[in-house]
Every structure is written in structure tokens, then in C-alpha cells.
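# Residue-level structural notes
Given next are the chains, with one letter for each unit.
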There are 2 protein chains.
Amino acid sequence: MYRNHTCGELRAADINKEVTLAGWVQKVRDKGFMVWVDLRDRYGITQLIFDEERTPKEVFEKAGSLGREYVIRVTGEVIERESKNKNIPTGEIEILVKELTILNEAATPPFTIEDDTDGGEDLRMKYRYLDIRRNPVKNKLIFRSQVAMQVRNYLANEGFIEVETPYLIKSTPEGARDFVVPSRMNEGQFYALPQSPQTFKQLLMVGGMDKYFQIVKCFRDEDLRADRQPEFTQIDCEMAFVDQEDILNTFEGLTRHLIKTLKGIDTGEFPRMTYDEAMRRYGNDKPDIRFGMEFGELNAVAQHKEFKVFNEAELVIGIAVPGAASYTRKEIDKLIDWVKRPQVGALGMVYVKCNEDGTFKSSVDKFYDEEDLAKWAEATGAKPGDLICILSGDAGKVRPQLSALRMEMAERLGLRDPKVFAPLWVVDFPLLEWDEETERYHAMHHPFTSPKTEDIAKLETDPGAVRANAYDLVLNGNEIGGGSIRIFDKALQSLMFKHLGFSEEEAREQFGFLMDAFQYGAPPHGGIAFGFDRLTAILGGQESIRDYIAFPKNNAGRDVMIDAPASLDDQQLEELHISLR
Amino acid sequence: MYRNHTCGELRAADINKEVTLAGWVQKVRDKGFMVWVDLRDRYGITQLIFDEERTPKEVFEKAGSLGREYVIRVTGEVIERESKNKNIPTGEIEILVKELTILNEAATPPFTIEDDTDGGEDLRMKYRYLDIRRNPVKNKLIFRSQVAMQVRNYLANEGFIEVETPYLIKSTPEGARDFVVPSRMNEGQFYALPQSPQTFKQLLMVGGMDKYFQIVKCFRDEDLRADRQPEFTQIDCEMAFVDQEDILNTFEGLTRHLIKTLKGIDTGEFPRMTYDEAMRRYGNDKPDIRFGMEFGELNAVAQHKEFKVFNEAELVIGIAVPGAASYTRKEIDKLIDWVKRPQVGALGMVYVKCNEDGTFKSSVDKFYDEEDLAKWAEATGAKPGDLICILSGDAGKVRPQLSALRMEMAERLGLRDPKVFAPLWVVDFPLLEWDEETERYHAMHHPFTSPKTEDIAKLETDPGAVRANAYDLVLNGNEIGGGSIRIFDKALQSLMFKHLGFSEEEAREQFGFLMDAFQYGAPPHGGIAFGFDRLTAILGGQESIRDYIAFPKNNAGRDVMIDAPASLDDQQLEELHISLR
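Everything numeric in this text was worked out from a predicted model, so none of it was measured.

### Some words on the domain arrangement of chain A
- If you check the domain split of chain A, you get domain 1 (12-104), domain 2 (116-273 + 418-429 + 468-488 + 523-581) and domain 3 (291-412).
- For domain 1 of chain A and domain 3 of chain A, the distance between their C-alpha centres works out to 63 Å.

What follows is the structure, given as C-alpha cells:
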């Protein structure tokens, strides 16, 4: 028996009990006649005391030899602590140790196992198993498991069935980013790892499963970035006999449940916004609505004057930055440099200071009078003390530029509070996207996404204007989920393939299996997939998803932990019937 | 809105309500003036009625055009059914239809969607999405999700944290059966898919997670058989600061919980049996104890007489087959042929008929008298009416032979009842196994399995006799779980490697990462892994695991559904920097 209590458990009520604890040595304080040890396990820290007078001699001596991260077991009496520690739940007691067993010694760890460690990220990743001992990391992994549990409980209650779909699937010809897996048993043949269980969940709907979900790993063989892992986890869901309204209500319910049970916050009903509105008001299809600074459209009040830049622009838009009228000339110049950085790409920025006395001071005073500027203030909702920042140009360029500026200013003003949760639905996404490279439209979501019934006629006349039954769930400026109502009608599907430029043969080759299945009575269906890694990170109050993954890959995907791709030797390649070019 | 009720929901209390249902046409009975349709969804079947007099004309006509598996939506009034169907929960009512929408037509399915279908296995696998519409398949998938849910609830309550471990891991040099995954981003480098998360769960213990579990896919690139899939699901668990007793109690608790909540049966405490005892009593390390027919050892009572075959045998053992004394000479001859089949491999079989009158008739009456045979009956527990079947030879061969016969006889006698659940723990497995091919011992479980403390000394003198802290959970003759207490002590680990014939260099190459981690304070730990597919199948009352997998691979792993390995074309291979030899 290694323990009868954990290190997070004992309280004043346990005083006088004889207990056995086990864990890691967090800290040793040796005063000569007295040794204190902080003993740590997953559940907390309990103070041990070894006392020259009251502790058996050989135990007392052994205590002096303990080092950080030694694994020990102790038996002793729970006693009242002289100087109580109100910061930890076990702070009222300590253990007067009678027996001590060193279960395992420990080399000096490469960084300290404390909440604020001295280890840099690379070092902590390399020794991730030590990093996990630290509260901030350990608690994130526990939080992740709680999110998964809550997701499962909620969906099971709603009648969803978790079905495991295969990981070794058929490689599709388009799968440029599929990982492929050579099969030893079938020479020259390959499986692929799924980028998502999309096909399978649609097959399950054809199969009458009605409500499906799965928390599932997906794979993409592409460049690694800080927040993009080659393997990632998805909450994948699909429902039959539903329209968009049913899906939104069901998964709004799920998301509210998560925020309520895990964060204690009731967000109320989620706002819904069309894609067009989101672009108009925030220049972004995943707007962060924790704060205002909505776009004001200034074409009507800023054009047709002498200012050529605005007159020639397709769109003139501005935001009112609260309290920023106090920016100095130098600070404003730096801001202008910021919007001109290649990552943002604006050509310049016009500003208006809204002085506290109701007057205005702008960088275009030459062209506009106070009356004009007052109209700008009205259009952007600016109040005295605000700074109006205005960009102009092509709508497709100037909106993301101003959106970037809006996010930057919110960051500076501390408005992106991770403890505030502001979800919304963005709906009515465009069905098609023009691809400059291939010079044809392709599906913004995927080729099974259904167009709005009332827009189907426009497929011929104005494909770019066709809206889809597609929706994203946005939380604090991040897309955490996205999905669509699928096409389940053969004729409409053929029409779609035609407009996506697929020949019948190509369509068959890529999607034949699903199309075959659809012949046998496909029900209306639709679904959604949540990025579980990101959802967890945002709910946890952080935006780095890597912190919430037990064994993440680093940016190179090569030298974190034992996840490294390793070369195979010749004999192994031989067995696989492949060779390196 | 597609429906406001499911097809399994309406009862007599709903009569007079107007309802909307959607689903698949299960059956159409057209009597000319009246059409009945069975409408099916995941939740059940509801009868629809279209009546020439009461149903709008165009709706009535459309009803006549409905075919099997059409997807429809209907609105109508719940009315009392004239001839009630007591076999289904909705059998008291039917829907008098007013509105009918055909949501989707259906081609004639390749087999009927009924509980007893006319489709053979290959056809049903090919059209698995149609097979899933059938109750027996659908219910198995729902059952599987319930098992997973109960596992998670139980373990979460016990303080276990579900941690996701990576799927793209480092390929280990020994990984002959690893699937490998070429990385496009890192030329000539490969990931491997895990055969189990063994290393990661041990790292999580080093990391202080204390109680870990995961329901996780694992992968093995080996020959496919009916019950062996290249991807399979495991309930993987590990605990720190535990000894074997803690593990057995925890997971006995889990398994009892599953059998209780899912089958309504309390199995009581699980028997425990050493490996040696299991081999002696049942000739099998996973004995089916739903029935008796335990081995009787006959050396003492059958040797040292005139019968040379027994005298020269290392072991003479028999079982008493209940009621089989009535076997005819011909039936017994066929049984002897059965044990001589190469799959069983016995050289012959001696039998004793225990007559109802207390006399005996044996195939070796020449050598043994009634008194001898009475002793055999006593040793095998045979009663009047039983047939004693006796095999002899080398212990290592004769035990599995008699075990096979025992299972066969139980099958014939209907003693392997899938509704009876007889779990047991088999403990004290041998640590090492002699490998004829490499002429050295290798680890029966894996090299981190700890030997019994009291047996460590025997590592030098009698390695084959060293017992491990390793255990299997056996249910109805199937190993459903297995695990061990791990070595966490460096010196003992080195000793183990030595006895496994690893040089220090080889050990480092294969296990270096884990050994590094163990330097920094590894706690005592151990765990278990359950075969989730098999566990589910046995709990579900069937032994074929494939039935419980939504999209299984067939024996060739190639042509079930879209799981087929597909060849890549040259350009794709080029991108992966590999070529086929």
C-alpha cells in the first residue's frame, strides 16, 4: 500500500490521524534540528515535518538526503501546523513523519517544477513529462478532459450516438494533404489518414443513425505552425431530418452548456449575423464582439469633396478607438506605420481626433470642415476623447486591413479579455469562391454544401452571389465550429458539380462512393465540426492550443518528445516495397 | 421542420393529435382503396394509413407510388388502430395521413432492410450504410456507444483523467508491425502509428497524472483475420502509487459496473487464479469458467500399469463430459478424429464411459480394471452417464489439446451461453518466454513488466520460473484485458535488459526515451489495457467483433466500403519522395 490519502486531502479535522502519503519532493527546508518537506502529487501539496526530537533518528537523517523530485512514501501523524498557510487547502496541518521510504531518486530536473518555472518553452517541450508535473500544464490537461466529458454528456442526453469511424481509409485523388500509409500486406497499396470523417458521417446519416457525434483525431500533412498540428481533434457531428435552424439551436445549446458548466457564465442566446453583415460591420467573418469599434461606412459623408484618395476609393471606412484622442503625433505616426506593415498592407490612414470640447482635429482638415467631421463621428459612433481611424480602397482589401487595426487597438486597450465569452453565429456564407489560380469557382466549404433554395437560380447568372446553408460558430474572434446543410438531392448535386467544373467522370472518381449511397434514400441532413483543441484553449482562457495538448509537436514537428519522424532503414523500406527517390 | 415526433414515440395517449413524422418507407401494403405504409427511423416504426375516402386525392395517389426505402415526410392525425400490433410500442396507433412529401426516392436496395435480411455478409459489408439501417446492426452500434459512455463515467468518477496521446509517433526500430507514415514536409522521414500508447501512458505517470485512461485507436500492420482488424480500439489505463491489488480492484469495479448497468447482472467478486492453476485446471490461460469439465490429473492412477502410452507420457489428463456416455461407438470415433485434426494435434484419445449402473466401459479395458477406472472417475469428477476423455503426452502439448476438446464439448452441449458472464483474473504470469527461433528469453508482456520481488533471485538460476506482476482479465474464455505493474527502478530495469539479451546500446536505442524520463523520479505504477472491440462484442452477446464496428475492414482489408488501400499515382509518390521498388 503506497498511500491512504492524497497530498491534497488532509484538513484540520484529520489531526491526530496516522496517515500514509506518497508523492514527489517539491521542496526541502533544512534547519538542522528540523526538516520541512513539501510533498506533491496531482491533488495538492502537504507539508511534512521531520523533527530531531520527535522523529526516529534514521528517518530524520534520511530526510536530510532528500532532493527535489525524489519519489517518497511517508507515514506519520497529522498535526496542527504552527504557521498556517492560507494559500493552500492543506495549509492548516502538517505530517510529523515516523517512517520514510525513498521509492525513487531523481536527477536534478532541467527546470524547476513550479507554477512559474525557469524553463523556456523548448526545454519544457523536450521534457514535457516534467512540464506536466507543473500545475498550469496539469490543470489544462484536466480541463481538456472535462470539456470532452461535458460534450459527451450533453450530446448523449440529446440522443446523439458516438460512432467510431475508420482511421485507415481510402486515399482520395484530391487528397494532396492526406497522410498516406503504405500497407505491408498489399504491395504498392496505400491507406490514407482522414482529414475529417465527413464522408463517413454522411454515410451514417444514409444509414439512419439520425444523430451522430464523435470526438476524433484528424490529420493534415502540411506546414506546422504554432497553432496548427499535423494531428488535431475534432468534435464531429451530423443530424438527419434537420434544417439549419435545428442545427444552430442544438449546438448553441451545447456551447452554452459548456460555458455555463465549465466557466459558470450564462451567455444568453447567441447573436446571429450574416456573412455580409459580419464583413460590413467588422471586416471579418469571425468577428470578435467582446468589444465595439464597429466599422462606420463613410462613403456618403467623405466622398465628393476635394480629397482625391477617398473619391477614388471603392470604400471609405473607419472605427472610433475609445479614448485614443490623446495619442501624440508620434504615437499616431507609429500607428500609421503599423497599418502600412506588409502583414496589414494599408497604404495610409486618415485620423480624426475627437476632442473633449466637441471640436475635431484631423489629418485631412484641408478638405473637410467641422460639420463633415461631425458626420464621420456620427457614422463611426465616436465620442469626445475617441480617435477615428479611417482606411480607404478596394472593399476586399480595406475591410481586412481595418479589421486588423480594430483587433490591434482592442488588444492595446485590454478589450480582448479571455474571461469574457462572446459567441455568435455567422450564417449565409457564400457557396462558391473564385479561385484566381485555377480560374474557376470552388466550394467554400465542400461540394456537398447546399445552396439557399432561393439562390439556386443565380448559380447560372451570378454564382458568386449564391448563399449557402453554411454557418460558423465564432467565439471571441475565433472560428470554433463550422458546418452546413448538405445536398441530398441527386439533381441538385449534379448541378453543383457542373458549376464546380467537375466532369461527370471526375465527380464519380472523387465522390462516387457517397453518390452511390445517396441513391438508396438519403435523408435531409447537416452537421457541424468543432475544433476541439481551439475550443478548449479558448474556454480555458488561452489562445495557444499547444498548451492543452499532452504531447504536442513543435513547429518543425520533429524534435518534440518521441513524436519525431524517424528514418526507416533499408530493410524496413524493402519490407514496405518502397524506396526513397 | 421535418418532424415533431420520431417514429418510435406515439402511443394511445397521443390519439387525435396532429403530428409530422419523417423516415424511410419500410413496407407498403396497397389494398386499392387503402394503403398502409410502415414508416421507419432510428427510434422505431409507425404505421401510416392512406384511405381513399379520408385522404386527399393527390396524397392518396402519391402513396401508391411509394417504394421501399423512399424518404418521406407526412403530416396527419394520430388515430386508434383497428388491428393492434402488440409486438411494437407504437402498435396501438396509426397516422391518418393528410400531407405527404417525398423527400428522396430510393433505388431498390440490394438486400431487404429487415431484421432477418436476405443479404449475405459480403453484400451487407459492401453496402454497410444500408446494413446499418437494420435493427440488429444499428442496435450493436448504439450498444457500443453505451459501453464507451459507461466506461468513461465510471473512470471519471474514480478520478481518472482522459488524456489524448499522439497518433503520429516515432517509429521504433523493433516496430516490424508498425504502420509507417511518410512525412511530406520532412523528406525521407516517417512517422509510425502506435500499436498502443504504452510509452506515453508511462510518461504521463512520470508526469504525475496519477490516474490516466483513454479510449483510443491502435494500429497493427499484420494479416487480417475475421476478428483482427488493422485498426482496433483499446481502453488504455495506467495508475501511479499502486500495487497489483489496487489495479485488480479498480478494474474489477469497472467491469462489474459494465455488466451490472448494461446487462443487469451482478457477477459478484471475480475469482482469481494463477497462471499455473489455470493451465493445470483448464489447460488455458484464458479459461472459460461458465462450465466445469475441469482437468483431472491421472498420472498417479493411470501410470505404472501395463499401458505403455500412459507410462511414457509426461502428463495424463482427462475431462468428464456430462451425459456423453450415451455416445455411440461411431460418435466416439468421430470425436477421436476431431482431436487428431492438425488444428488440435492429439495422437489419440482414451475414453471411459461411466454407465448409469455405476460400471465402466473404456477403450483400455485390457489394461485397467473397474477399480482403476473408478479412481479416474473420481479424479475427473465424472458421474454416471458421463464420458471421460483422456489425452496424454508432453504437458505443453496435451494441455492445449484437452482445452480445445473441452471447449468443443461445451459448445456441443450448449454450455457457452452468451447471456452468462463468468469473469476471472488470471495472475502471476511467467515473466519470460523462451523463443526457439532466437534462442533467447523474451518478455511475455513487455520489457517494463516487473518480476515478483521474491522471484528476482531466480532471474539468474531459473529465468523461466520467474513470475511477473502481470494479470489478464478473462471473460467467457476471452482475454478482455491485460496489464502489469511496471519496473520503475533503474537497477532492476538494467538487470531485466541484460536477461532479455539487450546490450546497453540496444536498450538505449529502443527504450532510451523512457529510460531518460525515469531518471527524474518515476513513481511506482502499473496499468491495464482492454480490447474494447472484443469487450463490447462479448457484453453484447456475440463473439464477432466486426458486427460492433461501424465500418469494418473485411478479411482482405481491401474492399469493404471506402476503406480500401488505393494506389497512389506517380505524381503523388514523387511528392512523398518515395517510389515503389
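### As for the sheet that holds strand β15 (residues 350-354) of chain B
All names here are of chain B.
- Read across the open sheet, the 5 strands follow the order β13-β14-β17-β15-β16; overall the sheet is antiparallel. The open sheet has two edge strands with one neighbour each: β13 (296-297) and β16 (360-362).
- As judged from the 7 bridges shared by strand β14 (residues 315-321) and strand β17 (residues 387-393), these two strands associate in the antiparallel manner. Counterpart to Val321 in the pairing with β17 is Leu387.

### Points about the pattern of salt bridges
Residue and element names in this part refer to chain B.
- Inspection of every chain in the model, using the stated rule, returns 80 salt bridges over all chains.
- The partner of Glu69 in a salt bridge is Arg40, and the shortest N-O contact between them spans 2.9 Å. Highlighted residues: Glu69 in the loop between α1 (57-64) and β4 (71-80) and Arg40 in strand β2 (residues 34-41), separated in sequence by 29 residues. For the pair Glu69 and Arg40, a shared accessibility class is recorded, and that class is buried.
- The salt bridge involving Glu277 is made with Arg281; its shortest N-O contact spans 2.5 Å. Remark: Arg281 and Glu277 occur in helix α7 (residues 275-282); sequence separation between them is 4 residues, near one turn of the helix.
- When its relative accessible area of 24% is taken as the criterion, Arg281 is described as partly exposed.

### Describing the packing of aromatic side chains
- Summed over the entire model, instances satisfying the criterion amount to 45 aromatic pairs over all chains.
- Ring centres of Tyr167 of chain B and Phe219 of chain B lie 5.9 Å apart, and the angle between their planes is 75 degrees; this geometry places the pair in the edge-to-face category. Remark: Phe219 of chain B occurs in strand β10 (residues 211-219) and Tyr167 of chain B occurs in the loop between β6 (161-162) and β7 (169-170); sequence separation between them is 52 residues.
- The class for Tyr167 of chain B is buried, based on a relative accessible area of 5%.
- Classification of Phe219 of chain B as buried rests on a relative accessible area of 0%.
- One aromatic cluster in this structure is built from Phe307, Phe310, Phe367, Tyr368 and Trp376 of chain A.
- The ring of Phe502 of chain A is capped by Arg440 of chain A, whose NZ or CZ atom sits 5.7 Å from the centre of that ring.
- Between Lys140 of chain B and the ring centre of Tyr548 of chain B, over which it is positioned, the NZ or CZ distance is 5.8 Å.

### Examining the confidence of the model for chain A
- For chain A, the mean per-residue pLDDT works out to 92, and 93% of the residues sit at or above 70.
- As a predicted assembly, this complex carries a pTM of 0.94 together with an ipTM value of 0.94.

### Observations concerning the packing of helix α5 (residues 198-206) of chain B against helix α15 (residues 504-518) of chain B
Residue and element names in this part refer to chain B.
- With their axes 10 Å apart at the nearest point, α5 and α15 run at an angle of 10 degrees to one another. On the basis of the axis angle, α5 is roughly parallel to α15. Only Phe513, Leu514, Ala517 and Phe518 of α15 make contact with α5, whose side of the interface consists of Thr199, Gln202, Leu203 and Val206.

### Points about unusual backbone geometry
- Positive phi, close to 60 degrees, is recorded for Asp428 of chain A, a residue that is not glycine.
- If you trace the backbone, Asp428 of chain A turns up in the loop between β18 (423-427) and β19 (432-435).
- Even without glycine at this site, Met293 of chain B takes up a positive phi of about 50 degrees.
- Within the element layout of this structure, Met293 of chain B appears in the loop between α7 and β13.

### Comments concerning α1 of chain B
Residues and elements named next belong to chain B.
- Considered for burial, the residues of α1 that qualify are Val59, Phe60 and Ala63. Each buried residue of α1 lies within a common arc of 100 degrees when the element is viewed along its axis, so the set occupies one face. Every exposed residue of α1 that faces more than 90 degrees away from the buried side is listed here: Lys57, Glu58 and Glu61.
- Against β2, β3 (44-51) and β5 (93-104) lie the buried residues of α1.

### Concerning helix α6 (residues 244-263) of chain A
- Between its terminal C-alpha atoms α6 of chain A stretches 28 Å, which fits the 28 Å expected from 20 residues at 1.5 Å a residue.
- Listing the buried residues of α6 of chain A in full gives Gln244, Ile247, Leu248, Thr250, Phe251, Glu252, Gly253, Leu254, Thr255, Leu258, Ile259 and Leu262 of chain A.

### Observations concerning the side chain of Thr20 of chain B
- Along the polypeptide, Thr20 of chain B turns up in strand β1 (residues 18-30).
- Every residue in contact with Thr20 of chain B, bar those within four places of it in the chain, is listed here: Met1, Tyr2, Arg3, Asn4, His5, Arg73, Val74 and Thr75 of chain B.

### Digging into the UniProt feature "binding site: ATP" (unreviewed entry) in chain A
All names here are of chain A.
- UniProt marks Arg220, Asp221, Glu222, Gln229, Glu479, Gly531, Phe532, Asp533 and Arg534 with the feature "binding site: ATP" (unreviewed entry), using the numbering shown here.
- Mapping Gly531 onto the fold places it in strand β23 (residues 525-531).
- Accessibility expressed as a relative area gives 32% for Gly531, which makes it partly exposed.
- Leave out the neighbours within four places in its chain, and Gly531 touches Thr233 and Ile480.
- Examined against the element boundaries, Asp533 turns out to sit in helix α16 (residues 532-539).
- Sequence-distant contacts of Asp533, defined by excluding residues within four places in its chain, comprise Arg144, Phe232, Thr233, Ile545 and Ile549.

### Focus on the pairing of strand β20 (residues 440-443) of chain A
Residues and elements named next belong to chain A.
- As judged from the 4 bridges shared by β19 and β20, these two strands associate in the antiparallel manner. If you follow Asp435 over to β20, its bridge partner there is Arg440.
- Two successive antiparallel strands, β19 and β20, enclose a turn made up of 4 residues, where Glu439 displays a positive phi of approximately 55 degrees.

### Looking at the UniProt feature "binding site: L-aspartate" (unreviewed entry) in chain A
Residues and elements named next belong to chain A.
- According to UniProt, the "binding site: L-aspartate" (unreviewed entry) feature falls on Glu174, Arg220, His445 and Arg486.
- One can find His445 in the loop between β20 and α13 (458-461).
- His445 has contacts with Phe429, Ala470, Tyr471, Asp472 and Gly483, leaving out every residue within four places of it along the chain.
- With respect to the helices, strands and loops of the structure, Arg486 is situated in the loop between β22 (478-485) and α14 (490-499).
- Apart from residues lying up to four places away in sequence, Arg486 is in contact with Gln198, Lys201, Gln202, Glu238, His446, Phe448, Ser450, His525, Gly526, Gly527 and Ile528.
- In terms of polar contacts, Arg486 uses its side chain to reach the side chain of His446, at 3.3 Å.

### Topic: the sheet that holds strand β11 (residues 231-240) of chain B
All names here are of chain B.
- The sheet built from 8 strands is open, its strands ordered β6-β10-β11-β23-β22-β21-β18-β12 with mixed pairing. Among the strands making up the open sheet, the edge pair consists of β6 and β12 (272-274).
- Pairing analysis gives 3 bridges linking β12 to strand β18 (residues 423-427), with the strands arranged parallel. When the bridges of β18 are listed, Thr274 appears paired with Val427.
- Packing of helix α4 (residues 135-157) onto the sheet brings it into contact with β6, β10 and β11, and relative to β10 it is tilted by some 150 degrees.

### What to know about the pairing of strand β15 (residues 350-354) of chain A
Residue and element names in this part refer to chain A.
- The buried fraction of β15 amounts to 5 of the 5 residues, a majority that puts the element mostly inside the structure.
- Of the two faces of β15, the one holding Val350, Val352 and Cys354 and the one holding Tyr351 and Lys353 are both buried throughout.
- Where β15 meets strand β17 (residues 387-393), 4 bridges bridge the pair, whose relative direction is antiparallel. Along β17, the bridge assignment pairs Tyr351 with Cys389.
- The pairing of β15 with strand β16 (residues 360-362) spans 3 bridges and is classified as antiparallel. By the bridge assignment for β16, Cys354 is matched with Phe360.
- Between β15 and β16, which pair antiparallel in sequence order, lie 5 residues; one of them, Gly358, sits at a positive phi of approximately 90 degrees.

### Notes on a negative patch on the surface
- The grouping of Glu356, Asp357, Asp369, Glu370 and Glu371 of chain A at the surface amounts to a negative patch.
- Counting through the fold element by element, Asp369 of chain A comes out in the loop between β16 and α11 (370-380).

### Here's the deal with the environment of Lys308 of chain B
Residue and element names in this part refer to chain B.
- Structurally, the position occupied by Lys308 is in helix α9 (residues 308-311).
- Accessibility expressed as a relative area gives 57% for Lys308, which makes it exposed.
- Put simply, Lys308 and Phe367 are 59 residues apart on the chain and 9.6 Å apart in space, counted from C-alpha to C-alpha.

### Observations regarding the packing of helix α4 (residues 135-157) of chain A against α16 of chain A
All names here are of chain A.
- Between α4 and α16, the least distance of the axes is 10 Å, while the angle of their chain directions is 115 degrees. Compared by their axis directions, α4 and α16 come out roughly perpendicular. Considering the relative orientation of α4 and α16, their crossing is right-handed. Only Phe532, Asp533, Thr536 and Leu539 of α16 make contact with α4, whose side of the interface consists of Phe143, Arg144, Val147 and Ala148.
- Counted by class, the contact of α4 with α16 contains 5 nonpolar, 1 polar and 2 charged residues.

Reading guide: rules and limits
Residues numbered from 1 in each chain as written. Chains lettered and ligands numbered in written order. Predicted model: local features only at pLDDT ≥ 70, side-chain atom pairs only at ≥ 80, totals over all residues. Heavy atoms only, no water. Domains from an automatic or database assignment. Pairing = 2+ DSSP bridges. Helix = DSSP H or I, 4+ residues; strand = E, 2+ residues; numbered from the N terminus. Salt bridge = Lys/Arg side-chain N within 4 Å of Asp/Glu carboxyl O. Buried < 20%, exposed > 50% of the residue type's maximum accessible area, 1.4 Å probe, protein only. Phe/Tyr/Trp six-rings, centres within 6.5 Å; stacked < 30°, edge-to-face > 60°. Lys NZ or Arg CZ within 6 Å of the ring centre and 35° of its normal. pLDDT = per-residue confidence, 0-100. Axes fitted to C-alpha atoms, helices over the stretch in contact; angles between N-to-C directions. Parallel < 35°, antiparallel > 145°, perpendicular 65-115°, else oblique. Contact = heavy atoms within 4.5 Å. Arc of directions from axis to C-beta. Expected span 1.5 Å × (residues − 1). UniProt positions renumbered as here; feature names shortened; annotations may be inferred. Polar contact = N/O pair within 3.5 Å; in protein donor to acceptor, adjacent residues only side chain to side chain. Patch = residues over 30% accessible without salt bridge, like charges linked within 9 Å, V, L, I, M, F, W, Y side chains within 5 Å. Areas by Shrake-Rupley, 256 points an atom, 1.4 Å probe, with all protein chains shown as cover. Lys, Arg positive; Asp, Glu negative; His and termini not counted. Charge placed at Lys NZ, Arg CZ, Asp CG, Glu CD. Left-handed = near helix turned anticlockwise from the far one by under 90°. Nonpolar A, V, L, I, M, F, W, Y, C, P; charged D, E, K, R; others polar.

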